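Chain residues, written in single-letter form:
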Amino acid sequence: MNQLQLFLPCAAGVEGFLADEVHQITGLTGQDLLTGRGGVLLRASWRHALLLNLHSRLAQRVLVQLAHRPYRNENDLYAAASGVAWEIWFTTRQTFKVEVTAQHSPLTSLNFAGLKVKDAIADRFRAKSGVRPDVNTQWPDVRVHLHLTTDEATLYIDTSGEPLFKRGWREDKGDAPLKETLAAAMIAASGWQADAPLYDPCCGSGTIAIEAAQIACRIPPGLKRRFAFERLLPFQSHVWSAIKEEAASAIQTSAAPVFGSDVSHRMVDFAQRNAERAGVAHAVQLRGGDALQRMPPCEQPGVMLLNPPYGERIAAAGSAGQKAQERAAREVAQTEDGGEFFSQLAAHWKKNYSGWTAWMLTPDLKLPGKMRLKESRRVPLWNGPIECRLFRFDMVKGRHAG
């Protein structure tokens, strides 16, 4: 288990940040760590797989690659799965499930492809022990992933189970919550360091602020949850306990300069409860208030990081959102896109947030024009299937572009 091929999938645009994070967690570099499309591939040990599950904020899962070969039809997939020593990973007393993803696969049915892999796994167990494991499509003990391209098939066993964005602390959330992994990617892209203030003036249920506070306090994102590797045969509870104890001993209890506010006091209550579950209630200051009226939360300029409301969500943006709706009824040139909210927000920032850097994630590529600000950087990031940009605006008092 000291020479595994691991693949860590991530959202598009995050690959470079994930590679940096993997290097930081494992110390691996060079040919042992390759950045690819949609994730990072590395040669690593079983211990590294455990460390990555515990510490990675950007990966969606930690997968162990067990087979990689060309294919032309379903029989080739059966042969590939038959050649994997599944018996060193789990037993016939455990349930399993095969999940299939594909890019430009010529096969007509991905369900049938998954069925052939499932049959191969069951047949191998039956040939070796006379017994086959059962399938459980809802809550399997073991998840097997089959990924197909035009002509290549890759088989993985999943060491994570539930996706890694499920940290175990977010029970209270709003209508359009930001995934924890995307919030972490925004923080990574901004280059924020824990000695500088960070403020989310549209914090919702607190995802960005809580991720930042955990980073500042060195709390591993996976400390509150369980993982699929705990049910795999290579798992040794004493090794895992030692890894967690080492991580827990590095946690810092000092308060972090992290702030959040939201126009909805209900959402602030959600954020406060989430912060308590995440172990950072002491390290993040959460307040109610309209983003157009809140003054800087501290004297030292820092980083503002937000996923602002847009489209139908603009009604929850505060006073400008409400005014925009009223004016739209009178056919004034403000619509549901929130143009007025953003122009007023930019004016508020220029007047009161001199020296701050603002990063905004949005699917609206015209946002800088609506704010009449010139961005100094734009980072492509994907929010699920939605292509977005993370715009950077440097607040210099009185400067107005456009």
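Please refer to the structure placed before this passage.
Let me sum up the structure you'll find in this document. (Residues numbered from 1 in each chain as written. Predicted model: local features only at pLDDT ≥ 70, side-chain atom pairs only at ≥ 80, totals over all residues. Heavy atoms only, no water.)

As for the sheet that holds strand β1 (residues 4-9)
Then step 1. Taken together, the 7 strands give an open sheet; going across it, the order is β2-β3-β1-β4-β7-β6-β5, and neighbouring strands pair in mixed fashion. At either end of the open sheet lies a strand with only one pairing partner, and these are β2 (33-36) and β5 (96-102). Sheet twist, expressed as the average angle between the axes of neighbouring strands with direction ignored, equals 30°.
Then step 2. Sheet topology note: the β1/strand β3 (residues 39-44) ladder contains 6 bridges and is antiparallel. Its bridge partner being in β3, Leu4 is matched across the sheet by Ala44.
Then step 3. With respect to the sheet, helix α1 (residues 15-26) is in contact with β1, β2 and β3, its orientation differing from that of β2 by roughly 165°.
Then step 4. Packing of helix α4 (residues 110-129) onto the sheet brings it into contact with β5, β6 (142-148) and β7 (152-158), and relative to β5 it is tilted by some 140°. (Pairing = 2+ DSSP bridges. Helix = DSSP H or I, 4+ residues; strand = E, 2+ residues; numbered from the N terminus. Axes fitted to C-alpha atoms, helices over the stretch in contact; angles between N-to-C directions. Contact = heavy atoms within 4.5 Å.)

Details of the pairing of β6
Every regular strand shows the same layout, with side chains that alternate between the two sheet faces.
Then step 1. When you tally the buried positions in β6, you get 6 out of 7 residues, the bulk of the element.
Then step 2. After leaving β5, the chain enters α4 and then returns to the sheet as β6, a path that is left-handed.
Then step 3. Strand direction decides the pairing type here: β6 and β7, joined by 5 bridges, are antiparallel. What sits directly across from Val144, in β7, is Ile157.
Then step 4. Taken together, β6 and the strand that follows it, β7, pair antiparallel across an intervening segment of 3 residues. (Buried < 20%, exposed > 50% of the residue type's maximum accessible area, 1.4 Å probe, protein only. Right-handed = clockwise from strand over helix to strand, strands pointing away.)

Considerations on the packing of helix α2 (residues 46-55) against helix α7 (residues 237-249)
Then step 1. For the pair α2 and α7, the least separation of the axes is 11 Å and the interaxial angle reads 45°. Taken as axis vectors, α2 and α7 run oblique relative to one another. Crossing angle aside, the handedness with which α2 passes α7 is right-handed. Here Arg47, Leu50, Leu51, Leu54 and His55 of α2 lie close against α7, whose contacting residues are Val239, Trp240, Ile243, Glu246 and Ala247.
Then step 2. Its residues assigned to classes, the contact of α2 with α7 shows 7 nonpolar, 1 polar and 2 charged. (Parallel < 35°, antiparallel > 145°, perpendicular 65-115°, else oblique. Left-handed = near helix turned anticlockwise from the far one by under 90°. Nonpolar A, V, L, I, M, F, W, Y, C, P; charged D, E, K, R; others polar.)

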